[in-house]
Amino acid sequence: MGCRPNVSIQSAHTTGRSKQFLYVNVFFRSGPGPAAAGHDAEASGTAACRVQEDKLPRLRHTSAALLPLHRSPPRPLAKLPRPPLSSSATGRAPSGELGMAVLLRSSASATTAGPSSALLATFGRGRLLPRVSPPRRTFVARASAQPLEVCAKESITAPGRLGDCPFTQRVLLTIEEKKLPYDLKLVDLANKPDWLFQINPEGKVPIVKLEDKWIADSDVITQAIEEKYPEPSLATPPEKASIGSKIFSTFIGFLKSKDPSDGTEQALLDELASFDSYLKENGPFINGETISAADLSLGPKLYHMEISLGHYKNWSVPDSLAHVKSYMKSVFSMDSFVKTRALTEDVIAGWRPKVMG
Ligand SMILES: N[C@@H](CCC(=O)N[C@@H](CS)C(=O)NCC(=O)O)C(=O)O
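In this text, all values refer to a predicted model and were calculated from it rather than measured experimentally.

So, about empty space enclosed by the protein. A complete count under the given rule lists two cavities of 30 Å³ or more for this structure. The computed volume of the second largest cavity comes to approximately 60 Å³. Partitioned by chemical class, the residues of the lining of the second largest cavity number three nonpolar, five polar and three charged.

Here is the structure:
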């Protein structure tokens, strides 16, 4: 036991350097295992650390050389600041895996050097050395890993929780897979606040603040995130980017249909069968062995399809489409997916107007 937690370093980001040290901002997850001092058994956060430059190569294998200067305790995501972001709280999962902010040590060299995404690296499981007291000098520089602000639909069945928007989930999956910290701003889409239209005249979510600019539309947002945070790459090769892209519209056609013989079910089955053949040859994911942006877009749509067609039409993907079934199972069980998925009741309630209309 003691206060040396098992910590898995998810990513590290060089933020500055002095004569002797590189200053590194790490994003860590701890536990399950002995709880870190003041931390829950399973938690995540950011820590500003320093490391001797000649030890840097070792970091690829262990985080033992990291000397924490400051570790931010897990905290629930804050309520929104003033308008335009004043009216929501987070609905994040209760695991403590929340966006964190950390202040970096002030030092002439550390503050002049900008964040270097070139040194962004993913490390294996390691340990943080015991915490040293934060220096008493003023902390002035905001960490490069400042949480992204993400406006998302609020649950209609459980206010305060994340709602049922597949486009928002796609964005959150992208952020999660890139291990970026973020703060959620939940928006009640039934009572849209004025500030929503100020940052997106269309009044839609998701919206993400990137480099002080609000960006709307999941296509644009995920592309911008990929460009700003290229590691780990989630890029889908262009020739594969539209695989499975007709499934969502054909699913909606079938869901809305009131005539069992209008061909909408068959249209969906055809799209799913074509996707099944593709996966059989090229899977298990759209880009082969690794998950990529196209999966993060399609996964939430398949999730909505499964829940809503199951509920409203007692329909499920046929067993004959085994590759699609196994694809759905794999994507739906990813940690990032479980963490960002909508409540079943919200998905059902969200599609009701389409079914009734
Ligand atoms: N093309 C947009 C679609 C976004 C979208 O339709 N969002 C829905 C929630 S899932 C929304 O904000 N609806 C509010 C409205 O239409 O008034 C994207 O990919 O982000």
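Text resumes after the structure shown.
Backbone hydrogen bonds are what pair the strands of a sheet, in a parallel or an antiparallel way. Here we have four strands laid out as an open sheet, ordered β10-β9-β11-β12, and mixed in their pairing. At either end of the open sheet lies a strand with only one pairing partner, and these are β10 (182-187) and β12 (213-216). Strand-to-strand twist of the sheet, defined as the mean angle between neighbouring strand axes without regard to direction, takes the value 25°. Bridge count for strand β9 (residues 148-153) against strand β11 (residues 207-210) is three bridges, and the pairing is antiparallel. The residue bridging C151 from the neighbouring strand is I207, located in β11. Sheet strands in contact with helix α2 (residues 166-177) are β9, β10 and β11, and its direction is about 150° off that of β9.

Once that is clear, we can look at the side chain of T168. Counting through the fold element by element, T168 comes out in helix α2. Given a relative accessible area of 2%, T168 falls into the buried group. Every residue in contact with T168, bar those within four places of it in the chain, is listed here: A152, K153, L162, V205 and P206.

About the thresholds
- Residues numbered from 1 in each chain as written.
- Predicted model: local features only at pLDDT ≥ 70, side-chain atom pairs only at ≥ 80, totals over all residues.
- Heavy atoms only, no water.
- 1 Å grid on protein atoms, 1.4 Å probe; cavity = no way out; pocket = protein on both sides within 12 Å on 5 of 7 lines; lining within 4 Å.
- Points joined across faces, edges and corners; volume = space filled by probe spheres on them.
- Nonpolar A, V, L, I, M, F, W, Y, C, P; charged D, E, K, R; others polar.
- Pairing = 2+ DSSP bridges.
- Helix = DSSP H or I, 4+ residues; strand = E, 2+ residues; numbered from the N terminus.
- Axes fitted to C-alpha atoms, helices over the stretch in contact; angles between N-to-C directions.
- Contact = heavy atoms within 4.5 Å.
- Buried < 20%, exposed > 50% of the residue type's maximum accessible area, 1.4 Å probe, protein only.

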